[in-house]
Amino acid sequence: MLAKGSGFLGTGLKGTPLSHFSFTCRREPRLLYRRCLSKYATNVLGGPLGSATHRMYFEQRGDGAPLSPWHDIPLVASSDPTSSKEYHMVCEIPRWTNAKLEIDTKGAFNPIRQDVKNGKLRYVPNVFPYKGYIWNYGALPQTYEDSDHVDADTGCVGDSDPVDVIEIGQAVSARGSVHRVKVLGVLALIDDGETDWKVVALRSDDPLASKVHSVGDLESHMPGILHATVDWFTKYKVPDGKPLNRWAFDGRARDEEYAHSVIAATHDAWKKLVATEKHTKFSLVNTTVESSPHYLTPSDASNAFKAMTDITPGQMYTSHRLPQPSPNDAYDSGPDQRWHYVRTGHA
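Attention here is on the structure that accompanies the text. (Residues numbered from 1 in each chain as written. Predicted model: local features only at pLDDT ≥ 70, side-chain atom pairs only at ≥ 80, totals over all residues. Heavy atoms only, no water.)

## Structural notes on the overall build of the chain
Here is step 1 of the chain: The helix and strand tally for the chain stands at four helices and 17 strands.
Here is step 2 of the chain: With 347 residues in all, the chain has 56% of them scored as buried.
Here is step 3 of the chain: Residue pairs at least 24 apart in sequence account for 66% of intrachain contacts in the chain once pairs closer than 6 positions are excluded.
Here is step 4 of the chain: Looking at the chain as shown, the accessible area adds up to about 15,900 Å², and 51% of this sits on carbon and sulfur atoms. (Helix = DSSP H or I, 4+ residues; strand = E, 2+ residues; numbered from the N terminus. Buried < 20%, exposed > 50% of the residue type's maximum accessible area, 1.4 Å probe, protein only. Contact = heavy atoms within 4.5 Å. Areas by Shrake-Rupley, 256 points an atom, 1.4 Å probe, with all protein chains shown as cover.)

Written out as structure tokens, the structure reads:
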């Protein structure tokens, strides 16, 4: 019996449009690979990375029950109130890569997929002297930047996404990996008139984690990283014909206490969102928030996932061969590997 809504794929889960349980690759084969990451595992369906049908789903390690990386991975990494506050980060984009991957807030179980704009897969250009994303880039689970709320400090509404994290540590994180991070501060990008918070964080297992506690420590231990970060975000859309990005606070990072307040506010906004009875913009299906109208038991979630994809989670992992994308012989079929030189007028 399915929790909170009978006839799950017949009439749809209460509060969740039936379209959120469709999968564009249903007739394509299959699972391509599976990888275990701490408490969680990921599996890929559809085409290879660099194809519009590529999806990376998350599941609970052990029982294979599907879960949402947005709604089901806890925001706070420790339940011990006496420990230093650390958060979970879901890595969407490893450092030095160009594909713009993100948690799909509209698809059931919120897989990681590549963003599409104007019918084309999105890649960030290489703005000299940078190559792709210059940090591990991801999201804080169980957060939401509310598009109906005007922030008192930035004067802009939120961008309708989980809060972004730039993890500046030494290791290149794997796509879909989940890490404990310590928060150092936050930047406030103004993107198309919306507040787009960029939390600056460091993996808790990074060699510098015991020495770097705030953005004020970065110039001593990682000189230039904040300047490069602001420069990168300011310029990265210019090769696509967009103007330079703007910032709140003149591009200055706010400290860790301010960042914690931003995270707390966006976590509260997420709580309100996931409790919404009916919502047509996002998929709010989850397996952990029992008070939510969109809650499914793990067994019901497994049945829903199988009905959606023709794959039984945790069982059909027979193929471990990942097809390689075709050679990048055209700029519109893969990342643009050229350098782009951007003049800001301040040089």
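## Describing the layout of surface pockets
Here is step 1 of the chain: Considering only enclosed or pocket space, the largest pocket measures out at about 790 Å³ in volume.
Here is step 2 of the chain: Lining the largest pocket we find 35 residues, and of these K100, E102, D115, R122 and D161 sit closest to its centre.
Here is step 3 of the chain: Of all elements in the fold, only strand 5 (87-93), strand 6 (101-103), strand 7 (112-114), strand 8 (116-117), strand 11 (136-139), strand 15 (194-203) and helix 2 (225-235) reach the threshold of two or more residues within the lining of the largest pocket.
Here is step 4 of the chain: Class assignment for the residues of the lining of the largest pocket results in twelve nonpolar, four polar and 19 charged. (1 Å grid on protein atoms, 1.4 Å probe; cavity = no way out; pocket = protein on both sides within 12 Å on 5 of 7 lines; lining within 4 Å. Points joined across faces, edges and corners; volume = space filled by probe spheres on them. Nonpolar A, V, L, I, M, F, W, Y, C, P; charged D, E, K, R; others polar.)

## Here we look at the pairing of strand 5
Here is step 1 of the chain: Burial analysis of strand 5 places seven of its seven residues in the buried class, the great majority of the element.
Here is step 2 of the chain: Across four bridges, strand 5 lies against strand 14 (residues 178-191) in antiparallel orientation. Residue V90 lies in a different strand from strand 14, and its bridge partner there is V178. (Pairing = 2+ DSSP bridges.)

## Details of the pattern of salt bridges
Here is step 1 of the chain: This structure, assessed with the given rule, holds ten salt bridges.
Here is step 2 of the chain: We note a salt bridge from E102 to K100, for which the minimum N-O separation is 3.2 Å.
Here is step 3 of the chain: Residue class for K100 comes out buried when judged on its relative accessible area of 15%.
Here is step 4 of the chain: Ionic pairing is found between K198 and D196, a salt bridge with its closest N-O pair at 3.0 Å.
Here is step 5 of the chain: A residue is classified by how much of its surface remains accessible, and K198, at 2% relative accessible area, is buried.
Here is step 6 of the chain: You can call D196 buried: its relative accessible area is 6%.
Here is step 7 of the chain: Several salt bridges converge on common partners, so that one network encompasses D164, D196 and K198. (Salt bridge = Lys/Arg side-chain N within 4 Å of Asp/Glu carboxyl O.)

## Notes on unusual backbone geometry
Here is step 1 of the chain: Across the junction of F128 and P129, the peptide omega takes the value 5°, indicating a cis bond.
Here is step 2 of the chain: Inspection of the secondary structure assignment puts P129 in the loop between strand 10 (126-127) and strand 11.
Here is step 3 of the chain: Even without glycine at this site, F249 takes up a positive phi of about 60°.
Here is step 4 of the chain: Mapping F249 onto the fold places it in the loop between strand 16 (246-247) and helix 3 (256-274).
Here is step 5 of the chain: Take F249: its relative accessible area is 18%, and that puts it in the buried class.

## Observations concerning the pairing of strand 2 (residues 40-45)
Here is step 1 of the chain: The buried count for strand 2 comes to six of six residues, which makes it a mostly enclosed element.
Here is step 2 of the chain: Of the two faces of strand 2, the one lined by Y40, T42 and V44 and the one lined by A41, N43 and L45 are each fully buried.
Here is step 3 of the chain: Where strand 2 lies against strand 3 (residues 55-60), six bridges are found, and the strand directions are antiparallel. Bridging from a neighbouring strand, N43 pairs with Y57 of strand 3.

## Re the environment of I112
Here is step 1 of the chain: Along the polypeptide, I112 turns up in strand 7.
Here is step 2 of the chain: Separated by 20 residues in sequence, I112 and E92 have C-alpha atoms that sit 6.9 Å apart.
Here is step 3 of the chain: Ignoring any residue separated from it by four or fewer positions in sequence, one finds I112 in contact with H54, R55, M56, F58, V90, C91, E92, L101, E102, I103 and G176.

## Details of the nonpolar core
Here is step 1 of the chain: W135, I168, L184, L218, W232 and F233 are the most contacted members of the largest nonpolar core, which has 50 residues in total.
Here is step 2 of the chain: At five residues, helix 2 tops the list of elements feeding residues into this core.
Here is step 3 of the chain: Membership of the second largest hydrophobic core comes to 22 residues, among which are M89, L140, F249 and V262. (Core = buried A, V, L, I, M, F, W, Y, C linked by side-chain atoms within 4.5 Å.)

## What to know about the packing of aromatic side chains
Here is step 1 of the chain: Per the counting criterion, the structure on display carries 17 aromatic pairs.
Here is step 2 of the chain: Pairing Y57 with F305 gives two aromatic rings, centres 5.1 Å apart and planes at 85°, and the pair type is edge-to-face. With Y57 in strand 3 and F305 in helix 4 (residues 298-309), this pair connects stretches of sequence that are 248 residues apart.
Here is step 3 of the chain: When its relative accessible area of 3% is taken as the criterion, Y57 is described as buried.
Here is step 4 of the chain: Here a set of aromatic residues connected by ring pairs shows up, and it is made of Y133, W135, Y137, W232, F233, Y236 and W247. (Phe/Tyr/Trp six-rings, centres within 6.5 Å; stacked < 30°, edge-to-face > 60°.)

## Focus on the environment of L101
Here is step 1 of the chain: By the secondary structure assignment, L101 is in strand 6.
Here is step 2 of the chain: A relative accessible area of 4% means that L101 is categorised as buried.
Here is step 3 of the chain: Counting along the chain gives eleven residues from L101 to I112, while the straight-line C-alpha distance between them is 6.5 Å.
Here is step 4 of the chain: Ignoring sequence-local partners within four residues, the contact set of L101 consists of L49, E92, I93, I112, R113, Q114 and R175.

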